[in-house]
Amino acid sequence: MPRTDWSRGITWSVARTAIAIVWSACAASAQLAFPAGSGVIDVTAFGAVGDGMADDTAALNDALAAPRPAGASAKIVYLPAGTYLISDTVAFPESRVVLQGENEATTVIRLRDNRTDTGEGGDFTDPANARVALSMRTATGFSANQFISSIYDVTIDVGNQNAGAIGLKLHQNNTGGLRNVTVRSGDGAGLIGVELGGSDRGPGMVRSLTVEGFDTGIRVGGTEYSMVYEDLTLRDQNVVGINNTWDILTIRGLTSEISVPALRNNKATANDFRWGMV
């Protein structure tokens, strides 16, 4: 499956489906165009409005659950520029899904403010009963088969008065990751910006990730198989930038704009000999 670097302009061949992504030299201001017949799944075809007022939760989940194009080894779910308001978790239902926004600055998935009554367990306003806004973990739980799962050029905003919100649960294996993604809290509250927990996630690449607000910017737990981070920005966390238990992190280009510790390495229990490492 030939491809070039997603951060610099792409021609990606997915089985018989050729997808040409036209990207400007500057990824931060990039606009994407897909040719007719590319097989890309556009969320607006499933009723997503992206006006910041209509509830797009069901439409986004339906688009992510759409069948993979015939003969393709993965599917791309595309979000045109807009603000997609959600009231509950949006989740990847399977592996081999790429969630592709038009532009990080203009493509926003935003949780409704003060979201309490999800009816599904968990409460976005209660840190003791936290709930995830966008999850890359499938319904089968942690898996070593979450291949290609990726998010590119999207902002995830947990809104205001959602102190129990986890912005993104990141889980993928072997290929995939994040590129040009911002995870933020509107009022600085929120439990975790990006969570990587459990077993069997990684190896993978996280490039150009910004986390704004939350008690913990990034929480990492577990020993398999580690992730690589490049151009990581932590801003305005309340407790710690990165809380790492057990894992081995590789980071190049870390910017910390916080008054609390940028990094904390932990072991799971007082008697455990395994510490997190960077």
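Counting restarts for each chain, with residues numbered from 1 along the sequence as it is written. Residue-level local features of this predicted model are given only where pLDDT is at least 70; pairs of side-chain atoms are given and counted only at 80 or more, and the full residue set underlies all totals for whole chains, interfaces and linings. Hydrogens and water are ignored here; the side-chain numbers use all heavy atoms of the structure.

Asker: Give a description of the overall build of the chain that names residues and reports values.
Answerer: Note on conventions: DSSP H or I runs of at least 4 residues are helices, E runs of at least 2 residues are strands, and numbering of each starts at the N terminus. Across its full length, the chain holds one helix and 20 strands. Across the 278 residues of the chain, 54% fall into the buried class. For the chain, the accessible surface area stands at approximately 11,200 Å², while carbon and sulfur atoms represent 51% of it. Accessible area is worked out with a 1.4 Å probe on protein chains only. A residue is then buried under 20% of its type maximum, exposed over 50%, and partly exposed in between. Computed with a 1.4 Å probe, the accessible areas rest on the Shrake-Rupley method; for each residue, only the protein chains presented here act as cover.

Asker: Which residues make up the pattern of salt bridges, and what are the values?
Answerer: When a carboxyl oxygen of Asp or Glu lies within 4 Å of a side-chain nitrogen of Lys or Arg, that pair is called a salt bridge. With the rule as written, the count across this model stands at 11 salt bridges. Among the salt bridges present, the one from Glu230 reaches Arg207, with a minimum N-O distance of 2.8 Å. On the criterion of sequence distance, the pair formed by Glu230 in strand β17 (residues 228-235) and Arg207 in strand β15 (residues 205-212) is long-range, its members being 23 residues apart. Here the two residues Glu230 and Arg207 agree in accessibility, since each one is buried. In this structure, a network of salt bridges that share partners links the residues Lys169, Glu195 and Arg219.

Asker: Got a sec to walk through the sheet that holds strand β7 (residues 90-91)? Specific residues and values, please.
Answerer: With respect to topology, seven strands assemble into an open sheet ordered β7-β10-β12-β14-β16-β18-β20, the strand pairing being parallel. At either margin of the open sheet sits one strand with a lone partner, and together these are β7 and β20 (263-266). When DSSP finds two or more bridges between a pair of strands, those strands are recorded as paired. Relative to strand β14 (residues 192-196), strand β12 (residues 165-169) is paired through three bridges, and the arrangement is parallel. The residue bridging Ile166 from the neighbouring strand is Ile192, located in β14.

Asker: So what's going on with the confidence of the model for the chain? Which residues, and what values?
Answerer: pLDDT runs from 0 to 100 and stands for how confident the predictor is about each residue. Averaged over every residue, the pLDDT of the chain is 82; residues scoring 70 or more account for 77%. Whether two residues touch is decided by their heavy atoms; if any such pair falls within 4.5 Å, the residues are in contact. Long-range and interchain partners of residues 1-29, a stretch whose pLDDT sits below 50, account for 72 contacts in this model, where long-range means more than four residues apart.

Asker: I'd love a proper account of the side chain of Asn243, names of residues and values included.
Answerer: Turning to its location among the elements, Asn243 is positioned in strand β18 (residues 240-245). Residue class for Asn243 comes out buried when judged on its relative accessible area of 16%. Contact partners of Asn243, with chain neighbours within four places excluded, come to Thr216, Ile218, Arg219, Val220, Arg264 and Asn266.

Asker: I'd like a rundown of the side chain of Thr57, residues and numbers included.
Answerer: Residue position: Thr57 is located in helix α1 (residues 57-64). Beyond its immediate sequence surroundings of up to four residues, Thr57 is in contact with Leu85, Ile86, Ser87, Asp88, Thr89 and Val90.

Asker: Can you lay out unusual backbone geometry for me, pointing to particular residues and giving the numbers?
Answerer: Phi at Phe214 is positive, roughly 80 degrees, even though this residue is not glycine. Even without glycine at this site, Asp231 takes up a positive phi of about 60 degrees. Here Asp231 shows up in strand β17. We classify Asp231 as partly exposed; its relative accessible area is 42%.

Asker: Describe the nonpolar core, naming the residues involved and giving the relevant values.
Answerer: Joining through side-chain atoms within 4.5 Å is the link that ties buried Ala, Val, Leu, Ile, Met, Phe, Trp, Tyr and Cys residues into a set, and such a set is a nonpolar core. Formed by 46 residues in total, the largest nonpolar core has its most connected members in Ile151, Leu209 and Ile218. For this core, the element with the highest residue contribution is α1, accounting for four residues. Apart from residues lying up to four places away in sequence, Ile218 is in contact with Val194, Leu196, Leu209, Val211, Leu232, Leu234, Gly241, Ile242 and Asn243. Grouped together as the second largest cluster of nonpolar side chains are five residues, Ala74, Ile76, Val98 and Tyr152 included.

Asker: An account of the packing of aromatic side chains is needed here, citing residue identities and associated values.
Answerer: By convention, a stacked pair of Phe, Tyr or Trp rings (six-membered ring in the case of Trp) has centres within 6.5 Å and planes under 30 degrees apart, an edge-to-face pair has planes over 60 apart, and any other such pair is tilted. Considering all chains together, one arrives at one aromatic pair under this definition. Taken together, a centroid distance of 4.9 Å and an interplanar angle of 65 degrees make the contact between Phe34 and Tyr78 edge-to-face. Of this pair, Phe34 sits in the loop between β2 (17-21) and β3 (41-42) while Tyr78 sits in strand β5 (residues 75-79); the two residues are 44 residues apart in sequence, bridging distant segments of the chain.

Asker: Please give an account of the pairing of strand β6 (residues 82-86) that cites residues and values.
Answerer: β6 sits mainly inside the fold: four of its five residues count as buried. Bridge count between strand β4 (residues 51-55) and β6: two bridges; the pairing is parallel. Across the sheet, the residue bridging to Asp51 is Thr83, located in β6.

Asker: Just give me the short version of the environment of Gly193, but keep the residues and values in it.
Answerer: Turning to its location among the elements, Gly193 is positioned in strand β14. On the basis of relative accessible area, Gly193 is assigned to the buried category, the value being 0%. Look past the residues within four positions of Gly193 in its chain and what remains in contact with it is Ile166, Gly167, Leu168, Val183, Val211, Phe214, Thr216 and Gly217.

Asker: An account of the pairing of strand β13 (residues 177-184) is needed here, citing residue identities and associated values.
Answerer: Successive residues of a regular strand alternate their side chains across the two faces of the sheet. By the criterion of burial, β13 is predominantly enclosed, with seven of the eight residues buried. Pairing of strand β11 (residues 150-157) with β13 involves seven bridges; the strand directions are parallel. When the sheet's bridge partners are listed, Tyr152 is paired in β13 with Arg179. Direction of pairing for β13 relative to β15: parallel, over a ladder of seven bridges. Paired with Arg184 across the strands is Glu212, a residue of β15.

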